[in-house]
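# Survey of secondary and tertiary structure
The residues making up each chain are set out below.
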Amino acid sequence: SRPSWWSSLTRAERKVANLTAEGMSNAEIGWRLGVSPRTVEKHLGHIFRKVPLSNRRELGRAIQRAHVAGADDDGTRDDDRCDADAVNSEVAATTL
């Protein structure tokens, strides 16, 4: 099962989170998803209000360590393959 905070994200927020984890800037994410960098910024704001992480680096580490895998039609990672234990471990490590 996925961690509770991951499932609280909208599909768009999960896409932004995955691309953030790949190290993309807001402008790059916006270009990839066909939205403005400001829209990406808004999604990130929503993400950080929902998850127990405080910055892009922590978010990226949590997702990368969870080995989120698969691909959607637009090339972003699939939200259905998140390793909940790995994400929860990373969240615990960053919040101690």
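## Quick word on the overall build of the protein chain
Across its full length, the protein chain carries 6 helices and 0 strands. Of the regular secondary structure in the protein chain, the N- to C-terminal order runs α-α-α-α-α-α. With 96 residues in all, the protein chain has 42% of them scored as buried. In the protein chain, once contacts between residues fewer than 6 apart in sequence are set aside, the share between residues at least 24 apart is 60%.

## Topic: helix H4 (residues 37–50)
With 14 residues, H4 should cover 20 Å at 1.5 Å per step; its first-to-last C-alpha distance of 20 Å lies within 8% of that length. The inward-facing, buried residues of H4 abut helix H2 (11–21), helix H3 (26–33) and helix H5 (56–65).

## So, the pattern of salt bridges
Any two side chains of opposite charge can pair, so long as their charged atoms come close to each other. A complete count under the given rule lists 2 salt bridges for this structure. Linking Glu-41 and Arg-38 is a salt bridge whose minimum nitrogen-to-oxygen distance equals 3.0 Å. Remark: Arg-38 and Glu-41 occur in helix H4; sequence separation between them is 3 residues, near one turn of the helix.

## Some remarks on the packing of aromatic side chains
Applying the stated rule across the entire model yields 1 aromatic pair. For the pair Trp-5 and Trp-6, a centre-to-centre distance of 5.7 Å together with 80 degrees between the ring planes defines the contact as edge-to-face. By the burial criterion, Trp-5 is buried, and Trp-6 matches it.

## Describing H2
Burial analysis of H2 places 9 of its 11 residues in the buried class, the great majority of the element. Buried within H2 we find Glu-13, Arg-14, Lys-15, Val-16, Ala-17, Asn-18, Leu-19, Thr-20 and Ala-21. Once H2 finishes, Gly-23 follows within two positions and takes phi at roughly 90 degrees, a positive value.

## Structural notes on the environment of Ala-12
With respect to the element layout, Ala-12 can be found in helix H2. Each C-alpha atom of the pair Ala-12 and Leu-33 lies 8.9 Å from the other, and the pair is 21 residues apart in sequence.

## Considering the nonpolar core
In terms of nonpolar packing, the biggest core is built from 17 residues, with Trp-5, Ile-47 and Leu-59 touching the most fellow members. At 4 residues, H2 tops the list of elements feeding residues into this core. Once residues within four sequence positions are removed from consideration, Leu-59 is found in contact with Trp-5, Ala-17, Thr-20, Leu-44, Ile-47, Phe-48 and Leu-53.

Calculation notes
Residues numbered from 1 in each chain as written. Predicted model: local features only at pLDDT ≥ 70, side-chain atom pairs only at ≥ 80, totals over all residues. Heavy atoms only, no water. Helix = DSSP H or I, 4+ residues; strand = E, 2+ residues; numbered from the N terminus. Buried < 20%, exposed > 50% of the residue type's maximum accessible area, 1.4 Å probe, protein only. Contact = heavy atoms within 4.5 Å. Expected span 1.5 Å × (residues − 1). Salt bridge = Lys/Arg side-chain N within 4 Å of Asp/Glu carboxyl O. Phe/Tyr/Trp six-rings, centres within 6.5 Å; stacked < 30°, edge-to-face > 60°. Core = buried A, V, L, I, M, F, W, Y, C linked by side-chain atoms within 4.5 Å.

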